[in-house]
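# Close look at the chain arrangement
Here's the letter readout for the chains.
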Amino acid sequence: MLKRGDYEVGIIAGNNRYETAVNVAKRQGLTMLDKDATVNNIVLVNGKSLVDGLAAAPLAANLGAYQANKGGSVDVKKSSPLLLTETDSLPKATKDYLVELTNEIAPKDLKKVKINLVGG
């Protein structure tokens, strides 16, 4: 990669760690979950626990979620979003992104969205 020069350098950031996690998930291209997928995974971890975050990263990469396109659903598997929480609440950025991801999924089909909690 370095010899060929086919790499991209950039910055993904937010106003805080919670917004940054959302922006990382969006950068990987996950903007809306596929309503027809068998299961869509989301990984939540305490934003103040470095160890839990390190353990959750490979889990999110392995589980996967499916990106829907605007014309209907399409099985394009991506890494599950790894989102940060507070100890006892969801930050606004995380909550807003979860609503955005599940916006096209009917309430009866929300059982296809699996939230994986990592850590205490």
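Residues numbered from 1 in each chain as written. Predicted model: local features only at pLDDT ≥ 70, side-chain atom pairs only at ≥ 80, totals over all residues. Heavy atoms only, no water.

Read across the open sheet, the 3 strands follow the order β4-β1-β5; overall the sheet is parallel. Of all strands in the sheet, those bounded by a partner on one side alone are β4 (82-85) and β5 (113-118). Neighbour to neighbour, the strand axes of the sheet diverge by 30° on average, direction disregarded. Relative to β4, strand β1 (residues 40-46) is paired through 4 bridges, and the arrangement is parallel. Within β4, the position partnered with Val-45 by the bridge is Leu-84. Sitting on the sheet, helix α2 (residues 50-63) touches β1, β4 and β5, and the angle it makes with β1 is about 175°. (Pairing = 2+ DSSP bridges. Helix = DSSP H or I, 4+ residues; strand = E, 2+ residues; numbered from the N terminus. Axes fitted to C-alpha atoms, helices over the stretch in contact; angles between N-to-C directions. Contact = heavy atoms within 4.5 Å.)

Attention now moves to the environment of Asn-41. Inspection of the secondary structure puts Asn-41 in strand β1. Look at Asn-41 and you get buried, because its relative accessible area is 5%. Each C-alpha atom of the pair Asn-41 and Ile-115 lies 6.0 Å from the other, and the pair is 74 residues apart in sequence. Ignoring sequence-local partners within four residues, the contact set of Asn-41 consists of Leu-63, Gly-64, Ala-65, Ser-80, Pro-81, Lys-114 and Asn-116. Only 3.2 Å separates the side chain of Asn-41 from the backbone oxygen of Gly-64, close enough to count as a polar contact. (Buried < 20%, exposed > 50% of the residue type's maximum accessible area, 1.4 Å probe, protein only. Polar contact = N/O pair within 3.5 Å; in protein donor to acceptor, adjacent residues only side chain to side chain.)

In this section: the packing of helix α1 (residues 17-27) against helix α3 (residues 92-102). Two numbers describe how α1 lies on α3: the axes approach to 8 Å, and their chain directions differ by 25°. It follows from the interaxial angle that α1 and α3 lie roughly parallel. Across the interface between the two elements, Tyr-18, Glu-19, Val-22, Ala-25 and Lys-26 of α1 pack against Ala-93, Thr-94, Tyr-97 and Glu-100 of α3. By residue class, the composition of the contact of α1 with α3 is 5 nonpolar, 1 polar and 3 charged. (Parallel < 35°, antiparallel > 145°, perpendicular 65-115°, else oblique. Nonpolar A, V, L, I, M, F, W, Y, C, P; charged D, E, K, R; others polar.)

Moving on, we come to the pattern of salt bridges. Under the counting rule described, the total for this entry stands at 4 salt bridges. For Asp-96, the salt bridge is made with Lys-92, and the minimal N-O distance between the two is 2.6 Å. Here Lys-92 and Asp-96 lie together in helix α3, a separation of 4 residues that amounts to about one turn. Judged by its relative accessible area of 61%, Lys-92 falls in the exposed class. Across the pair Lys-108 and Asp-109 runs a salt bridge, and its minimum N-O distance is 3.5 Å. (Salt bridge = Lys/Arg side-chain N within 4 Å of Asp/Glu carboxyl O.)

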